[in-house]
Amino acid sequence: GDPSKDCAWVADDAPDRCGWNAETKGVKGEDGSYASESCTACAWHKKGDPSKDCAWVADDAPDRCGWNAETKGVKGEDGSYASESCTACAWHKKGDPSKDC
């Protein structure tokens, strides 16, 4: 393998190297894991805005997770929704996120 092809290298072309544009998990690493499983550049974020990640979703979970609408919430760069990818969107008792599954 080429040690210069690390997570920083993945971040330079995250859509392709994380597998967002294909039916794959992105590039495979020397250890057998995929970039999408190991590199923070591949973590869920709002489509077109990497600064809006799962922490951002948690700041307004009812709207961003889609609890107040007929949607799945905010769509991510990888095609998934916040409601599918962010722990802030996981089921919990109404009004009390500490009471979860």
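We now turn to the structure provided with this report.

1. Examining the pairing of strand β2 (residues 49-53)
The sheet contact formed by strand β1 (residues 45-46) and β2 spans two bridges and is antiparallel. Looking at β2, one finds that K46 is bridged to D49. Linkage of β1 to β2, two consecutive antiparallel strands, is achieved through a turn of two residues, within which G48 is found at a positive phi near 85 degrees.

2. Digging into the state of the cysteines
Enumeration according to the criterion identifies four disulfides in this entry. When the cysteines of the chain that form disulfides are numbered from the N-terminus onward, they connect as 1-3, 2-4, 5-7, 6-8.

3. A short note on the layout of surface pockets
If you add up the space inside the largest pocket, you get close to 310 Å³. Together, 18 residues line the largest pocket, and K5, D6, K28, G29 and E30 are the ones closest to its centre. Every element with two or more residues in the lining of the largest pocket is listed here: α1 (7-11) and α3 (35-38). Among the elements that make up the lining of the largest pocket, the one with the highest residue count is α1 (three residues).

4. A word on the environment of E77
Following the sequence through the fold, E77 ends up in the loop between α5 (61-64) and α6 (82-85). Overall, the relative accessible area of 23% leaves E77 in the partly exposed class. Those residues in contact with E77, other than ones at most four positions away along the chain, are W20, H45, K46, K47, G48 and D49. A distance of 2.7 Å separates a polar atom in the side chain of E77 from the backbone nitrogen of G48.

5. Regarding the environment of T24
Secondary-structure assignment places T24 in the loop between α2 (14-17) and α3. In sequence terms T24 and Y34 are 10 residues apart; their C-alpha atoms lie 9.2 Å from each other.

6. Here we look at the packing of aromatic side chains
According to the stated counting rule, one finds zero aromatic pairs in the structure shown. A cation over an aromatic ring shows up here: R17 above the ring of W9, its NZ or CZ 3.8 Å from the ring centre. A cation sits over an aromatic face here: R64 above W56, 3.8 Å from the ring centre.

7. Section: the pattern of salt bridges
Taken as a whole and assessed by the stated rule, the structure comprises two salt bridges. In this structure, K72 engages E84 in a salt bridge whose closest nitrogen and oxygen atoms are separated by 3.6 Å. Taken together, the residues K72 in the loop between α5 and α6 and E84 in helix α6 connect sequence positions 12 residues apart. Under the relative-accessibility criterion, E84 is labelled partly exposed at 48%.

The rules behind each value
- Residues numbered from 1 in each chain as written.
- Predicted model: local features only at pLDDT ≥ 70, side-chain atom pairs only at ≥ 80, totals over all residues.
- Heavy atoms only, no water.
- Pairing = 2+ DSSP bridges.
- Helix = DSSP H or I, 4+ residues; strand = E, 2+ residues; numbered from the N terminus.
- Disulfide = S-S within 2.5 Å.
- 1 Å grid on protein atoms, 1.4 Å probe; cavity = no way out; pocket = protein on both sides within 12 Å on 5 of 7 lines; lining within 4 Å.
- Points joined across faces, edges and corners; volume = space filled by probe spheres on them.
- Buried < 20%, exposed > 50% of the residue type's maximum accessible area, 1.4 Å probe, protein only.
- Contact = heavy atoms within 4.5 Å.
- Polar contact = N/O pair within 3.5 Å; in protein donor to acceptor, adjacent residues only side chain to side chain.
- Phe/Tyr/Trp six-rings, centres within 6.5 Å; stacked < 30°, edge-to-face > 60°.
- Lys NZ or Arg CZ within 6 Å of the ring centre and 35° of its normal.
- Salt bridge = Lys/Arg side-chain N within 4 Å of Asp/Glu carboxyl O.

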